[in-house]
Amino acid sequence: MRTFPPIQPPPSPCLVALSGGADSVALLLLLHERGIRITAAHCNFHLRGAESDRDETFVRQLCEGLGVPLHVQHFDTAGEAERTGESIEMAARRLRYAWFQTLMQQTGCRAVAVAHHMDDNAETLLLNLMRGTGLRGLTGMDAAHEAVVRPLLAWSRADVLAFLEERRQTYVDDSTNADVHYRRNFVRHKLLPLMRQVNPHIAASLHHTAHRLQQAEALYLDAVHRWLDTLVQPTAYGTCIALDALQASPSPEALLHEWLAPCGFSATQTAAALHMAVGRYVQSGQWLCVRSHAHLELTQQPLPTPPRQLQGTEGSMRLDERHVLTWRTLPRTALQHLPSEPHVAALDAAVLQAPLSIRRPQEADRFVPLGMRGSQLLSNFFTNRHLSRAARLHAWLLTDAEGIVWVVGQRLAQRAALTEHTHTVLLLQVQPSPAADAP
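Residues numbered from 1 in each chain as written. Predicted model: local features only at pLDDT ≥ 70, side-chain atom pairs only at ≥ 80, totals over all residues. Heavy atoms only, no water.

Student: Can you explain the side chain of Asp119? Please cite residues and give values.
Tutor: The residue Asp119 is located in helix α5 (residues 118-131) in this model. Residue classification places Asp119 among the buried positions, given a relative accessible area of 10%. Not counting residues within four places of it along the chain, the set of residues in contact with Asp119 comprises Trp155, Ser156, Arg157, Arg196 and Ala203. (Helix = DSSP H or I, 4+ residues; strand = E, 2+ residues; numbered from the N terminus. Buried < 20%, exposed > 50% of the residue type's maximum accessible area, 1.4 Å probe, protein only. Contact = heavy atoms within 4.5 Å.)

In structure tokens:
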């Protein structure tokens, strides 16, 4: 009998993704022979008409003959792709792995085993290389990642077919695997055969190259994390990196990419962020990377918040996940000194026109800042105080029926300031929320 490459046994019990093709059938048989407790899972995506139903019938008969429990799930994959705007392939992948997660919880399986092998790994590396990628994309597939394991990753396609032939085990063919309009099929049926003319063992060579690059990536990430631990500093609205320190590092663009990539920023955006002018920014979803004079600041754009009214003469309100606003009214004589801290404000209660509300800044907001005679656009006020875009996005305003009375933490409106005629004071304070203080 032929000697096959060793495998790393998956945790038991284990879910096996079973399509009915040669690779997944070989995986099912191999784990069954090893005595690992397995449960099979088959997805019918209804994309190939009668052929999809043929595959389901085959896996039902196979699992019945082996005594392996089987779960089957039907998907309207085309409808889901139309609904989300995804490609058929992406929709099928998302549906499949979401179901696997649910099924693992229901069956108590500790992982899902998929049948990717050495040739698949070589195809993935080439696809990533052609698309354009960094080090991560050249490391190929992981033998284990989170709850997904790939026991056959050291096997070639030839090993799989030889294993099935020895056991006289049949399998089904997916007719779409021959369609070279799909990129992976083009690599499999056109590109790799040409490369084998130069190197007959090209799949193994690429697989081993990916493995070595995985080890190189581990060293790279260790160095990156050490640098980022030094460079990244917390701010009131997120984190920041000093540009002079970043530029003094061995690879500013690589470090910036590793800082921004987890928030969805592309390599193109990273390169732009490194050279953008003061006040400019790049955006990924709710995340912004903003350039100030000396820093790049990463902040999450706050979700839209409707105005909220302050009720009663005393109370508190959570502004966001970090801050709480408290307020109370008191006689002027009870206020021993004017607040000097920016997060505390004392207003003349008599001049305020209900309702009092807290809200985010809006276009065309303007007010008369304390100490000035004429009104000023709020945006100009922010500019004069050199507030970053992040600070502006996260700013709060206290307003009454006539407009702004306090730019929270920044400046009172002139009309709301205490005078010698003030009898009643509205005292407000912004404090860290208990959740923000928690470890």
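Student: Give me the packing of helix α1 (residues 22-33) against helix α2 (residues 50-66): which residues, what numbers.
Tutor: Here α1 crosses α2 at 10 degrees, and the two axes come no closer than 12 Å. Relative to α2, the element α1 lies roughly parallel. Together, Val25, Leu28, Leu29 and His32 of α1 and Phe58, Leu62, Cys63 and Leu66 of α2 make up the contact between the two elements. (Axes fitted to C-alpha atoms, helices over the stretch in contact; angles between N-to-C directions. Parallel < 35°, antiparallel > 145°, perpendicular 65-115°, else oblique.)

Student: So, the pairing of strand β15 (residues 344-348): which residues are in play, and what are the values?
Tutor: Burial within β15 is extensive, with five of its five residues counted as buried. Side chains Val344, Ala346 and Asp348 project from β15 onto one buried face, and the interleaved Ala345 and Leu347 project onto a second face that is buried too. Two strands pair when backbone bridges link them, and β15 and strand β22 (residues 424-432) are joined in this way by five bridges, in the antiparallel orientation. Directly across from Ala345, in β22, lies its bridge partner Leu428. (Pairing = 2+ DSSP bridges.)

Student: Give a description of helix α11 (residues 267-275) that names residues and reports values.
Tutor: Here α11 has its buried residues at Gln269, Thr270, Ala273 and Leu274. For α11, the angular spread of the buried residues around the axis is 140 degrees, confining them to a single face. Exposed residues on α11 whose side chains face more than 90 degrees from its buried face are Thr268 and His275. Against α9 (243-247), α10 (252-260), β9 (281-284), β10 (287-291) and β11 (295-300) lie the buried residues of α11. (Arc of directions from axis to C-beta.)

Student: Could you give an account of the pattern of salt bridges, with specific residues and numbers?
Tutor: Tallied over the entire structure, the rule returns 22 salt bridges. For Asp55, the salt bridge is made with Arg48, and the minimal N-O distance between the two is 2.5 Å. Taken together, the shared-partner salt bridges in this structure form one network comprising Arg48, Glu51, Arg54, Asp55 and Asp174. (Salt bridge = Lys/Arg side-chain N within 4 Å of Asp/Glu carboxyl O.)

Student: Can you break down the sheet that holds β15 residue by residue, with the values?
Tutor: Strand pairing in a sheet relies on backbone hydrogen bonds, with the paired strands running either antiparallel or parallel. Taken in spatial order, the four strands line up as β13-β14-β22-β15 in an open sheet, and their pairing is antiparallel. On the outer flanks of this sheet lie β13 (314-318) and β15, each paired with one strand and no other. The sheet shows a mean angle of 20 degrees between the axes of neighbouring strands, direction not considered.

Student: Describe the sheet that holds strand β4 (residues 112-113), and please don't skip the residues or the numbers.
Tutor: Judged by pairing direction, the sheet is mixed, and its six strands sit side by side in the order β3-β2-β1-β4-β6-β5 without closing on themselves. Each edge of the open sheet carries a strand with a single partner, namely β3 (70-74) and β5 (144-145). The sheet contacts of α2 involve β2 (38-44) and β3, and relative to β2 the element is tilted by about 170 degrees.

Student: Please provide a residue-by-residue account of the packing of aromatic side chains, values included.
Tutor: Overall, the coordinates contain nine aromatic pairs when judged by the stated rule. Centroid distance Phe45 to Phe75: 5.5 Å. Interplanar angle 20 degrees. Geometry classified as stacked. Taken as a pair, Phe45 in the loop between β2 and α2 and Phe75 in the loop between β3 and α3 (77-84) lie far apart in primary sequence, 30 residues in all. Of the two residues examined, Phe45 and Phe75, each falls in the buried class. Relative to Trp99, the ring of Phe75 has its centre 6.4 Å away and its plane inclined at 80 degrees; by these criteria the two rings are edge-to-face. Taken together, the residues Phe75 in the loop between β3 and α3 and Trp99 in helix α4 (residues 88-107) connect sequence positions 24 residues apart. Put simply, the rings of Phe45, Phe75, Tyr97, Trp99 and Phe100 touch in pairs and so form one group of aromatic residues. Here Arg360 stacks its cationic end above the ring of Trp396, 3.7 Å away from the centre of that ring. (Phe/Tyr/Trp six-rings, centres within 6.5 Å; stacked < 30°, edge-to-face > 60°. Lys NZ or Arg CZ within 6 Å of the ring centre and 35° of its normal.)

Student: So, the environment of Ala216: which residues are in play, and what are the values?
Tutor: Mapped onto the elements of the fold, Ala216 is located in helix α8 (residues 202-231). Using a relative accessible area of 33% as the deciding quantity, one classes Ala216 as partly exposed.

Student: Can you explain the nonpolar core? Please cite residues and give values.
Tutor: By size, the foremost hydrophobic cluster in this structure holds 32 residues, and its most contacted members are Leu18, Leu28, Leu31, Trp155, Phe163 and Leu164. Every element with two or more residues in this core is listed here: β1 (14-17), α1, β2, α2 and α6 (157-166). The leading source of residues in this core is α1, at eight residues. Setting aside residues no more than four positions away along its own chain, Leu164 makes contact with Ala22, Val25, Ala26, Leu29, Gln169 and Tyr171. Listed in part, the 20 residues of the second largest apolar core include Trp327, Ala345, Ile358 and Val408. (Core = buried A, V, L, I, M, F, W, Y, C linked by side-chain atoms within 4.5 Å.)

Student: Tell me about the side chain of Arg360, and name the residues and values.
Tutor: One can find Arg360 in the loop between β16 (357-359) and β17 (366-367). A polar contact is formed between the side chain of Arg360 and the backbone oxygen of His394, at a distance of 2.7 Å. Not counting residues within four places of it along the chain, the set of residues in contact with Arg360 comprises Pro302, Asp320, Leu393, His394, Ala395, Trp396 and Leu397. (Polar contact = N/O pair within 3.5 Å; in protein donor to acceptor, adjacent residues only side chain to side chain.)

Student: Can you lay out the environment of Val224 for me, pointing to particular residues and giving the numbers?
Tutor: With respect to the element layout, Val224 can be found in helix α8. In this structure Val224 touches Leu255 and Glu258, once residues within four positions along its chain are discounted.

It is worth stressing that arrangement in space is one thing and function is another; only the former is reported here.
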